[in-house]
Amino acid sequence: MLPGNMGQALPPPASIAFTEKHNIMSKENTSMTMKDIARELGVSVATVSRALKGSPRISEKRRNEIAEYARKHNFSPNLMAESLRSNKTMKIIGVIIPQFTHFYFSSILSGIEDEALKYGYRLMVAQSNEEYQREVDTCRAFCDNKVCGIIVSQAKGTSQYGHFQELVDKDMPLVFYDRICTGVNASRVTVDDYMGAFSAVEYMLKTGCRNIAFYGSSMKLEISKNRYNGWHDALLKHGINPDTCVTRLCDNRTDAERMTPEVLLSDNRPDAFFAINDDTAIGIMYTAKRMGLRVPDDISVCGFTNGQRAIACDPMLTTVEQNGYEMGKQAADIIISKAEGMTPVDKVEKRVIRTKLIVRGTTKKVKS
């Protein structure tokens, strides 16, 4: 597996704090803001706003307390100013996906949208097309459009993270999904890539396979590291030296069809392949079949995603279910909770979606 404290100013003495509050309350009532009420009652501005709108998310006791305080001080909210200041009327979430063409990312997008619509949010969606600069430009465009938060899966070409840190520094709610950025302390939703890979490889070992190749992405990506480590550790557990098995930097069908013939013609021909995604696995499978090999009798193949293509190929693909829809829902839930003020913007949440091995026709059955 590849792998500062900030000082806080002391609060003013109680007498000084009281004097400042008293002066605020002595101003004309028309100048009172929700921020003033929030400070007086020790709650967030978002809580005051929701309470005055009668939101059921705020307890009845708290709603009554805030409403009574506002009534006593003749508070009348300037709704237009509030709207301009918070931009909540738009209720837009920015979403960056690496590529629209992948079923997995479209399923995540569906989960995000369904969850967002429940709370009156809409999506502004863009693809990075796996390009760093495009990702940077999109983040800035989302900020310029004053979105309520940003949900992003890191592009393959990203190796610098200043644009993500800028979002955090600006208190923009940020959630990574699938491909996370470990260099930035932000919320994230991932699948259990390690255990997904470990379980898949261990299953093929139990069917009698002993030389399992690994096709993966750049090790700059956490998902690739974790899936590699799952493959690696499953082999070690069963007494096989991973160094004797083939590994390739290959994460798409085109490259799989180009690289696999050489691998299958080598003296160290694998009897199974574990691929980082379904497209790569399907490329391996059809190459093996074109070369006259039987799947799974001669070559077992396992992917990772469980998209629609996994059941459209022949034989149907054994793969690891990622549950992209649930990942999208969880990412949206975190963003909305922050945007609504239910959780602090700087609170980092880490949620992990469990994987499940779906056994189909590209792998042998476990021997009794």
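Trainee: I tried to follow unusual backbone geometry on my own but got confused; where do I start?
Mentor: What you tend to see is this: most non-glycine residues have negative phi, and most peptide bonds are trans. The peptide bond linking V295 to P296 adopts the cis configuration, its omega dihedral lying at 15°. A cis amide bond, omega -5°, links D314 with the succeeding residue P315. The residue P315 is located in the loop between β9 (300-305) and β10 (318-321) in this model. A positive phi angle, close to 55°, is found at N129, a residue other than glycine. By the element assignment, N129 lies in the loop between β2 (122-127) and α7 (132-144). Among the residues examined, N129 registers a relative accessible area of 28% and is labelled partly exposed. Phi angles above zero are rare outside glycine, and D171 is one such case at about 60°. Checked against the element boundaries, D171 lands in the loop between α8 (162-169) and β4 (174-177).

Trainee: So what exactly am I meant to see when it comes to the pattern of salt bridges here?
Mentor: Should their charged atoms come close, side chains of opposite charge can pair. Across all of its chains, the model carries 19 salt bridges by this definition. The closest approach of N and O atoms between E222 and K225, which form a salt bridge, is 2.9 Å. Of this pair, E222 and K225 both sit in helix α10 (residues 222-237), separated by three residues, roughly a single helical turn. A relative accessible area of 14% places E222 in the buried class.

Trainee: How do you make sense of helix α11 (residues 253-265) when you look at a structure like this?
Mentor: One turn of an α-helix holds 3.6 residues; hence residues three or four places apart share an orientation. An ideal rise of 1.5 Å per residue puts 18 Å on 13 residues; α11 measures up with 19 Å between its terminal C-alpha atoms. Along its length, α11 reaches its greatest deviation from straightness, about 35°, at M259, and the proline P261 lies no more than four positions downstream. Where α11 begins, one side-chain oxygen reaches toward the backbone nitrogen of T254, 3.2 Å away; that side chain belongs to N252.

Trainee: Please clarify how the sheet that holds strand β6 (residues 212-216) should be interpreted in this entry.
Mentor: Strand-to-strand pairing in sheets goes through backbone hydrogen bonds, with the strands running parallel or antiparallel. One open sheet holds the six strands; their spatial order is β7-β6-β8-β9-β10-β12, and the pairing between them is mixed. Edge positions in the open sheet fall to β7 (247-249) and β12 (356-358), since each of these has one partner strand only. Across this sheet, the average inter-strand angle for adjacent strands is 20°, counted without regard to direction. Two elements, β6 and strand β8 (residues 272-275), share four bridges in a ladder whose sense is parallel. Across the sheet, A213 pairs through a bridge with F273, a residue of β8. Along the sheet, α10 contacts β6, β7, β8 and β9; its crossing angle with β6, the most-contacted strand, is approximately 175°. In the packing of helix α12 (residues 278-290) onto the sheet, contacts are made with β6, β8, β9 and β10, and the angle to β9 comes to roughly 160°.

Rules of the game
- Residues numbered from 1 in each chain as written.
- Predicted model: local features only at pLDDT ≥ 70, side-chain atom pairs only at ≥ 80, totals over all residues.
- Heavy atoms only, no water.
- Helix = DSSP H or I, 4+ residues; strand = E, 2+ residues; numbered from the N terminus.
- Buried < 20%, exposed > 50% of the residue type's maximum accessible area, 1.4 Å probe, protein only.
- Salt bridge = Lys/Arg side-chain N within 4 Å of Asp/Glu carboxyl O.
- Expected span 1.5 Å × (residues − 1).
- Bend = angle between axes of the 7 residues up to and from the residue.
- Polar contact = N/O pair within 3.5 Å; in protein donor to acceptor, adjacent residues only side chain to side chain.
- Pairing = 2+ DSSP bridges.
- Axes fitted to C-alpha atoms, helices over the stretch in contact; angles between N-to-C directions.
- Contact = heavy atoms within 4.5 Å.

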